[in-house]
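Commentary on secondary and tertiary structure
Listed below are the residues making up each chain.
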Amino acid sequence: MTKIVVVDDDVFILQLISEYLKKESYEVTSFSSGKTLVEHIRTDHPDCLVLDIMMPGIDGLSLLTQLREFTEMPIIMISARGEESDRIHGLELGCSDFLTKPFNPRELVGRVKAMLRLTKAGTSVPDDKEAAEAVGNVCRAGNLCIFAEFRKVTVDGQELNLTSREFDLLLFLSNHLERPFGREHLIQQVWSYDFIGDVRVVDDLVKRIRKKLAEYHSTLVINTVWGFGYKATVQEQ
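On a predicted model such as this, the values are computed, not experimentally measured, just so you know.

Conventions we followed
- Residues numbered from 1 in each chain as written.
- Predicted model: local features only at pLDDT ≥ 70, side-chain atom pairs only at ≥ 80, totals over all residues.
- Heavy atoms only, no water.
- Phe/Tyr/Trp six-rings, centres within 6.5 Å; stacked < 30°, edge-to-face > 60°.
- Lys NZ or Arg CZ within 6 Å of the ring centre and 35° of its normal.
- Salt bridge = Lys/Arg side-chain N within 4 Å of Asp/Glu carboxyl O.
- Helix = DSSP H or I, 4+ residues; strand = E, 2+ residues; numbered from the N terminus.
- Buried < 20%, exposed > 50% of the residue type's maximum accessible area, 1.4 Å probe, protein only.
- pLDDT = per-residue confidence, 0-100.
- Contact = heavy atoms within 4.5 Å.
- Pairing = 2+ DSSP bridges.

Re the packing of aromatic side chains
Each pair of aromatic rings is reported with the distance of its centres and the angle of its planes. On inspection of all chains with the given rule, the structure shows 1 aromatic pair. Stacked on the ring of Phe70, the Lys or Arg Arg42 has its end atom at 3.9 Å from the ring centre.

Laid out in structure tokens, this is it:
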């Protein structure tokens, strides 16, 4: 059964959304705060998350940032504030969709279904490395291998868990080794919508990728080009 998690500190809205989703035969787990949400996502692996922005304690945007460190599941954010900055910030941090309260619960259910369809339409990654190389477009850089067709990255055969934007930025830089790119150019390559915000969002993305590459002892590294942007290089082992 498809698992949906709903998080909102408004008990009425929480119950309303949960009931509408249950009518569609989804297995729904609800939380009135984000206190234990990250741990639950790590262990239960739900298929979609509906997440309120404004909550006491840890807010929705902070939770979104934590979750995008390890999962690419669809996350639909909801907010009582209709400010454009909230929507933009949520998209920058990696939310899949955004709804402003009050909204028709049927619309939310429709958006959940759409997100799930997009997820299921994705191509599964072959376990056999040779099969993946035969079918997909492969980029090699040092001990790092990127299977572009299947959005899979390995270092010495160990798979890295990357978010969608982390993957896109790493692939682009790996395909252009030693060539420096400015932040504005990288934003055009990674963000698929008209970006409005601080170009320093690229710095946060690079920081996360660097951490993951270092954990797996990748010989491909992303270097800072001071006063300009970034470039990818391969170091000798």
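Observations concerning the pattern of salt bridges
Using the criterion set out here, one finds 12 salt bridges in the structure. Salt-bridge contacts for Asp8 lead to Lys101; the nearest nitrogen and oxygen are separated by 2.9 Å. Pair noted here: Asp8 is in the loop between strand 1 (3–7) and helix 1 (11–22) and Lys101 is in the loop between strand 5 (97–100) and helix 5 (105–121), with a separation of 93 residues, a long-range link. Residues Lys113 and Glu24 are paired through a salt bridge, measuring 2.9 Å at the closest nitrogen-oxygen approach. On the criterion of sequence distance, the pair formed by Lys113 in helix 5 and Glu24 in the loop between helix 1 and strand 2 (27–31) is long-range, its members being 89 residues apart. For Lys113, a relative accessible area of 30% gives the class partly exposed. Overall, the relative accessible area of 34% leaves Glu24 in the partly exposed class. One continuous salt-bridge network, built from bridges that share partners, spans Glu69, Glu166, Arg208 and Lys212.

Overview of helix 7 (residues 164–174)
With 9 of 11 residues buried, helix 7 lies mostly within the body of the structure. Turning to helix 7, its buried residues number three or more, namely Arg165, Glu166, Phe167, Leu169, Leu170, Leu171, Phe172, Leu173 and Ser174.

Describing the confidence of the model for the protein chain
Here the protein chain averages 84 in pLDDT, while 87% of its residues score no lower than 70. Model confidence for the protein chain, summarised as mean pLDDT per element, is weakest for helix 6 (residues 129–135) at 44 and strongest for strand 1 at 96. Counting contacts from residues 122–136, a segment whose pLDDT is below 50, to residues more than four positions away or on other chains yields 17 contacts.

What to know about the pairing of strand 8 (residues 152–155)
Residues Lys152 and Thr154 of strand 8 are buried on one face, and the alternating residues Val153 and Val155, pointing to the opposite face, are buried as well. For strand 7 (residues 144–147) and strand 8, the ladder comprises 4 bridges, and the chain directions are antiparallel. Bridged to Phe147 within strand 8 is Lys152. Between strand 8 and strand 9 (residues 158–159), which pair antiparallel and follow one another directly, the connecting turn spans 2 residues, one of which, Asp156, has a positive phi of 50°.

Focus: unusual backbone geometry
The omega torsion of the bond from Lys101 to Pro102 falls at -5°, within 30 degrees of zero and hence cis. The backbone of Asp156 sits at a positive phi, close to 50°, despite the residue not being glycine. At His217, a position not held by glycine, the phi torsion is positive, near 55°. By the secondary structure assignment, His217 is in the loop between helix 9 (201–215) and strand 11 (220–225). For His217, a relative accessible area of 64% puts it in the exposed group.

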